[in-house]
Amino acid sequence: MNFTQMIIPLNITKTISDWIYSIMPETAASYTIMVVIAVAYLLLFAVAGLYLVLLERKVAAWFQLRIGPNRVGPWGLLQTMADALKLVSKELTSTIKIDKFLYNLAPYFVIVSAFMAMAVFPFSKQFQAFDINIGVFFLIAISSIGVIGILLAGWSSNNKYALIGAMRSGLQTISYELSVGLSILTMVLLTGTLQLSEIVEAQRTGGWLILQGHIPSVIAFMIFMVAGTAETNRAPFDLVEAESELGAGFHTEYSGMKFAYFFLAEFINMFIISSIAVVLFFGGWLSPFGITENIAWFPEVLWFIIKVVGLIFLMMWFRWTFPRLRVDQLLTLEWKYLLPLNLMNIVLMAIVIWLNWTI
Amino acid sequence: MTDQQLQNKIKTEEYFINMGPQHPAAHGVLRLILTIDGEIIKNVEPDLGYIHRSIEKMCERDSYQQIVHLTDRMDYLSSHINNEAVCLAVEKGLEIEVSDRVKVIRTIIDELTRIASHCLWWGVMGMDLGALTSYFYAFRDREMINDIFEETCGARLTMNYNVPGGLMFDIHPNFVKRTKDFIAQFKTKIPEYNRLLTDNVIFHKRTKGVGILTREDAISFGVSGPTARASGFSSDVRKHHPYSAYDRVDFKEILFTEGDTFARYQVRMMELWESISIIEQLIDNIPEGEIKAATKAVIKLPKGEFYQRVETARGELGVYINSAGNKNPYRVKFRSPGFSNLSVLNHISKDVLIGDLVATMASFDFVIPDIDR
């Protein structure tokens with residue numbers, strides 16, 4: 001890993017990094033900066049995750065003719081903070097005859113893989129921790145690790161409901177990983193690079209990729225959103241924790257902070273899937289039609305956040321509208337419909353590029 | 001390697017899990033002992049007794065007026081209809097003819113109860129299938145019915161509005177207006193229900209062809225109510241043995257022949273329209289009359305057996321009273337719809353997935369205190 005690739009955002013961080021370099025030798029300073037960035041990211045995304053929980057509750061309330069949390073802080077803004085505080089201070093209970101080591105390890109697999117994926121996101125031109133040249137590949141690889149945590153949790157809990165949930169998760173994630181990967185690959189054909197920042201830059205001139213690649217891009221986007229929702233184990237693909245069938249699925253036996261890790265990871269994964277979609281289809285931090293390109297003070301990161309929240313809202317819309325699929329229907333959808341469609345779509349995209357039909 | 005050899009090599013083992021007594025899909029304290037192979041259900045054994053209050057035994061201790069209050073707690077979603085069943089049985093024994101006004105009011109409230117019960121069922125059905133939003137839509141509309149009940153009867157769920165010989169008191173002056181308002185509003189809401197759940201493609205996939213109950217099975221297991229009518233078994237007590245004012249209203253008995261979960265769903269959804277039609281026919285011409293026939297303070301039924309059947313939201317409820325001529329009954333037995341309907345669950349849930357069992361159970365609309373009295 002090349003530390004010089006680290007791009008530190010904004011002026012205040014520049015001041016901090018200059019100060020650290022001035023008081024330490026170069027190697028120590030670069031390590032220190034890594035740690036500082038890691039801690040900053042952790043805090044940032046833990047809070048972001050908590051506010052996504054609040055957003056979900058507000059959106060759910062909106063769909064369900066309710067008001068939603070409105071007691072803790074103005075508009076319930078502190079509600080999830082209070083919930084997190086409660087979960088931190090809660091006793092960690094577990095059943096007897098669990099596999100202690102795996103049981104305790106499982107939540108960390110899930111949460112660490114979720115946080116690691118954050119490292120490569122191009123929030124804006126300057127705001128990206130690692131701009132590695134295999135960014136997309138890194139994202140796919142990292143997001144696959146989370147399922148190991150879910151499998152471990154189900155296996156080690158000594159609970160049959162948890163085991164069924166974990167096995168379903170295995171089926172689901174392995175199947176839908178293909179669709180996620182292939183639909184990303186379709187878009188990579190168009191850009192010719194795996195580096196996330198370059199993918200975004202490629203959209204500065206020709207317009208967003210979803211417009212550049214027209215029909216195959218739109219198909220890829222739809223497949224990506226369906227498969228991405230399945231990857232994050234959210235409704236209508238929430239078979240892993242299907243509460244009317246399995247209680248709470250794989251995290252039935254977890255309490256307190258360990259449960260909170262699973263819970264938070266779900267929301268951060270949702271953020272990750274939406275972010276990938278924004279980078280690959282909607283021009284990342286670029287403003288639509290370049291409307292704020294010449295406004296110097298306008299933070300580009302804001303566009304990124306707006307787009308991501310838009311897609312997250314779409315995923316929440318799915319969740320609060322659709323009934324849940326059955327496990328065999330879930331697999332039929334992937335292997336009989338999405339995968340063949342996806343393979344054909346790649347060929348279609350290749351033809352479109354070959355004939356130079358892109359916009 | 002042949003299939004047989006492969007099967008010998010890869011063995012699967014059956015195991016059991018307890019679905020309940022505390023499980024989100026059990027709607028109460030029903031315990032199902034599932035024997036499953038992977039996710040495929042091999043056997044479903046319902047285990048009852050978690051909410052047994054020995055209501056039938058308590059009835060032997062109480063006077064006839066007091067029995068009425070106990071029946072609220074059986075099928076709490078059709079409490080008015082339960083009360084009415086007991087009152088009708090007692091009135092049969094005393095040979096009292098209640099006034100037309102009582103008959104019409106009882107019928108209107110019966111149908112309002114049925115709508116409220118079906119609303120709750122619709123919300124919970126969506127929730128069991130993973131669509132949580134339907135629950136809140138249903139409760140919004142059910143709330144209006146509960147408000148009407150609260151105004152007239154003083155209670156929202158366990159109403160106790162019936163007494164042997166009539167009603168406890170007259171309807172509230174606002175009753176007619178509010179019921180009409182509700183009907184007008186509810187008519188616009190059923191299409192909304194259909195847009196949210198009925199027309200959803202995932203919902204169709206989850207319910208069509210799932211948990212098929214044939215007509216023969218429905219008859220031999222004594223299944224009744226919407227569940228039986230979805231299998232083509234015409235079993236509506238309101239139609240075949242009319243009581244109260246059902247003989248003077250015009251309504252259809254909804255019959256489907258598929259017998260699957262979706263048919264049971266459709267029967268209930270269309271029954272909502274029938275209930276609305278019944279209420280509309282009666283609400284404008286509630287006749288004047290006594291609201292309570294004169295009965296003695298201590299009711300003594302003549303020696304003998306008395307039976308009355310009514311159609312609750314879940315099916316046929318039978319009340320059997322064996323009187324020895326005293327102020328309290330010698331024996332009371334309730335034939336509850338849920339118990340018979342539950343007995344067929346194992347028969348139609350062999351070799352299905354867990355998700356299918358949940359969908360089937362949701363479409364049966366169990367109320368556990370009704371099964372386990």
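Note that residues are indexed from 1 along each chain, following the sequence as it is written. To read the labels, note that chains go from A and ligands from 1, taken in the order they are written. For this predicted model, a pLDDT threshold of at least 70 governs which residues receive local features, and a threshold of 80 or more governs which side-chain atom pairs are given and counted, while totals over whole chains, interfaces and linings are taken from all residues.

Peer 1: Just checking my understanding: could you explain the overall build of chain B for this structure?
Peer 2: Note on conventions: DSSP H or I runs of at least 4 residues are helices, E runs of at least 2 residues are strands, and numbering of each starts at the N terminus. In terms of regular secondary structure, chain B is built from 16 helices and nine strands. Only C-alpha atoms enter the radius of gyration; for comparison, a globular chain is expected to reach 2.2 Å times N to the power 0.38, where N is the number of residues. By the compact-globule yardstick of 21 Å for 373 residues, chain B fits well, its C-alpha radius of gyration being 22 Å. Note on burial: count the other C-beta atoms lying within 10 Å of the residue's C-beta; 20 or more is buried, 12 or fewer is exposed, in between is partly exposed, and C-beta positions come from the backbone. Across the 373 residues that make up chain B, the buried fraction comes to 48%. Each residue gets a C-beta atom placed from its backbone, and two residues are in contact if those atoms lie within 7 Å. Put simply, of all contacts in chain B between residues at least 6 apart along the chain, 70% involve residues at least 24 apart.

Peer 1: Explanation requested: the overall build of chain A in the structure shown.
Peer 2: Along its length, chain A carries 14 helices and zero strands. When the elements of chain A are put in sequence order from the N terminus, they spell out α-α-α-α-α-α-α-α-α-α-α-α-α-α. Expected size for 359 residues packed as a compact globule is a radius of gyration near 21 Å; at 21 Å, chain A falls within 12% of this value. Over its C-alpha atoms, taken along the principal directions, chain A stretches across nearly 60 × 60 × 40 Å. With 359 residues in all, chain A has 43% of them scored as buried. Partitioning the contacts of chain A with sequence separation of at least 6, the portion at a separation of at least 24 is 78%.

Peer 1: Any chance you could explain the environment of A:Lys125 here in plain terms?
Peer 2: As for its placement among the helices and strands, A:Lys125 is situated in the loop between helix H4 (100-118) and helix H5 (135-143). Residues in contact with A:Lys125, not counting those within four places in the same chain, are A:Trp285 and A:Glu300.

Peer 1: Can you walk me through unusual backbone geometry in this structure?
Peer 2: Leaving glycine out, the prevailing phi sign among residues is negative, and the prevailing peptide bond configuration is trans. All names here are of chain A. In the Ramachandran plot, Trp75 falls in the positive-phi region, its phi being about 50° despite a non-glycine side chain. One can find Trp75 in the loop between helix H2 (26-63) and helix H3 (79-88). Take Trp75: there are 13 C-beta atoms within 10 Å of it, and that puts it in the partly exposed class. The phi angle at Lys97 is positive, at roughly 60°, despite the residue not being glycine. Judged by local crowding, Lys97 falls into the exposed class, with 8 C-beta atoms found within 10 Å.

Peer 1: Just to check I follow, could you spell out the environment of A:Asn133 for this structure?
Peer 2: Residue and element names in this part refer to chain A. Mapped onto the secondary structure, Asn133 falls in the loop between H4 and H5. Take Asn133: there are 14 C-beta atoms within 10 Å of it, and that puts it in the partly exposed class. Taking C-alpha positions, Asn133 is 8.9 Å from Glu198, a pair spaced 65 residues apart along the chain.

Peer 1: Please clarify how the sheet that holds strand S3 (residues 40-47) of chain B should be interpreted in this entry.
Peer 2: The strands that make up a sheet are held in pairs by hydrogen bonds between backbone atoms, and each pair lies either parallel or antiparallel. All names here are of chain B. Ordered by their spatial adjacency, four strands build an open sheet running S1-S2-S3-S9, and the pairing between neighbours is antiparallel. Where the open sheet ends on each side, the last strands, each with one partner, are strand S1 (15-19) and strand S9 (352-353). The criterion for strand pairing is that DSSP finds at least two bridges linking the strands in question. Bridging between strand S2 (residues 31-37) and S3 involves seven bridges; their strand directions are antiparallel. Note on S3: the bridge partner recorded for Arg31 is Asp47.

Peer 1: What am I meant to see in the packing of H2(A) against helix H13 (residues 300-321) of chain A here?
Peer 2: Pairs of packed helices are described in terms of their axes, by the angle between the two and the distance that separates them. All names here are of chain A. For helices, the axis comes from a line fit to the C-alpha atoms of the stretch in contact; other axes are also lines fit to C-alpha atoms, and the angle between any two N-to-C directions lies between 0 and 180 degrees. Following both chains from N to C, one finds H2 and H13 inclined at 50°, their axes separated by 10 Å at the closest point. It follows that H2 is oblique to H13 by the angle criterion. Seen from above, H2 lies across H13 with right-handed handedness. Across from Leu52, Glu56, Val59, Ala60 and Phe63 in H2, the residues of H13 making contact are Ile312, Phe313, Met316 and Trp320. Along the lines of polarity and charge, the residues of the contact of H2 with H13 split into eight nonpolar, no polar and one charged. Between 65 and 115 degrees an angle is taken as roughly perpendicular, under 35 as roughly parallel, over 145 as roughly antiparallel, and anywhere else as oblique. Helix crossings are classified by the rotation of the near helix relative to the far one: an anticlockwise turn of less than a right angle makes the crossing left-handed, while a clockwise turn makes it right-handed. Gly counts as polar in this scheme, as do all residues outside two lists: the nonpolar Ala, Val, Leu, Ile, Met, Phe, Trp, Tyr, Cys and Pro, and the charged Asp, Glu, Lys and Arg.

Peer 1: Explanation requested: the interface of chain B and chain A in the structure shown.
Peer 2: How big an interface is tends to be expressed through the accessible area that disappears when the partners come together. On the chain A side, the residues contacting the 26 residues of chain B number 25 residues. Of all the secondary-structure elements, those providing two or more residues to the side of chain B that touches chain A are S1, helix H5 (100-128), helix H6 (133-153), helix H8 (201-207) and helix H15 (354-364) of chain B.

Peer 1: I would appreciate a short explanation of the nonpolar core in the present structure.
Peer 2: Where a protein is soluble and globular, its nonpolar side chains tend to be buried together. Residues A:Val110, A:Ala277 and A:Leu280 are the most contacted members of the largest nonpolar core, which totals 186 residues. Excluding anything up to four places from it in sequence, A:Ala277 contacts A:Phe221, A:Phe224, A:Met225, A:Gly228, A:Phe282 and A:Leu311. Definition of nonpolar core: a set of buried Ala, Val, Leu, Ile, Met, Phe, Trp, Tyr and Cys residues joined via C-beta atoms within 7 Å.

Peer 1: Which parts of the structure should I look at to understand the confidence of the model for chain B?
Peer 2: Low pLDDT means the predicted atomic positions in that stretch should not be read closely. Model confidence for chain B is summarised by a mean pLDDT of 87, while 100% of its residues fall at 70 or above. What the predictor reports for the complex is a pTM of 0.85 with an ipTM of 0.80. Residue-level confidence of the predictor is what pLDDT reports, using numbers from 0 through 100.

Peer 1: Where do I start with the domain arrangement of chain A in this structure?
Peer 2: All names here are of chain A. Domain start and end points were adopted from an automatic or database domain assignment. Partitioning chain A into structural domains gives domain 1 (1-89) and domain 2 (98-354). Placing a centre on the C-alpha atoms of domain 1 and another on those of domain 2 gives a separation of 20 Å. The partner domain 2 presents 21 residues to the 22 residues of domain 1 that form the contact. If you list the elements that add at least two residues to the side of domain 1 that touches domain 2, you get H2 and H3. Among the elements that line the side of domain 1 that touches domain 2, the one with the most residues is H2, at 13 residues.

Peer 1: Honestly, the pairing of strand S8 (residues 331-335) of chain B in this entry has me stumped. Any pointers?
Peer 2: Residue and element names in this part refer to chain B. Here S8 shows a buried face lined by Val332 and Phe334 and an unburied face lined by Arg331, Lys333 and Arg335. Sheet analysis places strand S7 (residues 316-323) next to S8, joined by five bridges and oriented antiparallel. Its bridge partner lying in S8, Val319 is registered against Phe334.

Peer 1: Can you walk me through the sheet that holds S7(B) in this structure?
Peer 2: Residues and elements named next belong to chain B. Spatially, three strands are ordered S6-S7-S8 in an open sheet, and the strand pairing comes out antiparallel. Of all the strands in the sheet, just strand S6 (304-311) and S8 have a single pairing partner and so form its edges. Pairwise comparison of adjacent strand axes, ignoring direction, gives a mean angle of 10° for this sheet. With respect to the sheet, helix H4 (residues 79-94) is in contact with S6 and S7, its orientation differing from that of S6 by roughly 145°.

Peer 1: Before we go on, may I ask you to explain the packing of H4(A) against helix H12 (residues 256-281) of chain A in this structure?
Peer 2: Residues and elements named next belong to chain A. Across the interface, H4 lies against H12 with an axial gap of 9 Å and an inter-helix angle of 30°. As the angle between them shows, H4 and H12 are arranged roughly parallel. In this structure, H4 meets H12 at a crossing whose hand is left-handed. Packed against H4, whose contacting residues are Pro107, Val110, Ile111, Ala114 and Ala117, the element H12 presents Lys258, Tyr261, Phe262, Leu264, Ala265, Ile268, Asn269 and Ile272 at the interface. A breakdown of the residues in the contact of H4 with H12 according to their chemical character gives eleven nonpolar, one polar and one charged.

Peer 1: Which parts of the structure should I look at to understand the pairing of S3(B)?
Peer 2: Two faces make up the sheet, and in a regular strand the side chains alternate between them. Residues and elements named next belong to chain B. Here S2 folds back onto S3 in antiparallel fashion, the turn holding two residues, of which Gly38 has a positive phi close to 70°. Where S3 meets S9, two bridges bridge the pair, whose relative direction is antiparallel. In the strand pairing of S9, Ile40 is matched with Leu353.

Peer 1: Would you explain helix H6 (residues 146-156) of chain A in this entry?
Peer 2: All names here are of chain A. Most of H6 sits out of view: nine of its eleven residues are buried. Here H6 has its buried residues at Gly146, Val147, Gly149, Ile150, Leu151, Leu152, Ala153, Gly154 and Ser156. Looking at the buried residues of H6, the elements they touch are H4, H5, helix H7 (160-191) and H12. At the C-terminal side of H6, Asn158 shows a positive phi close to 60°.

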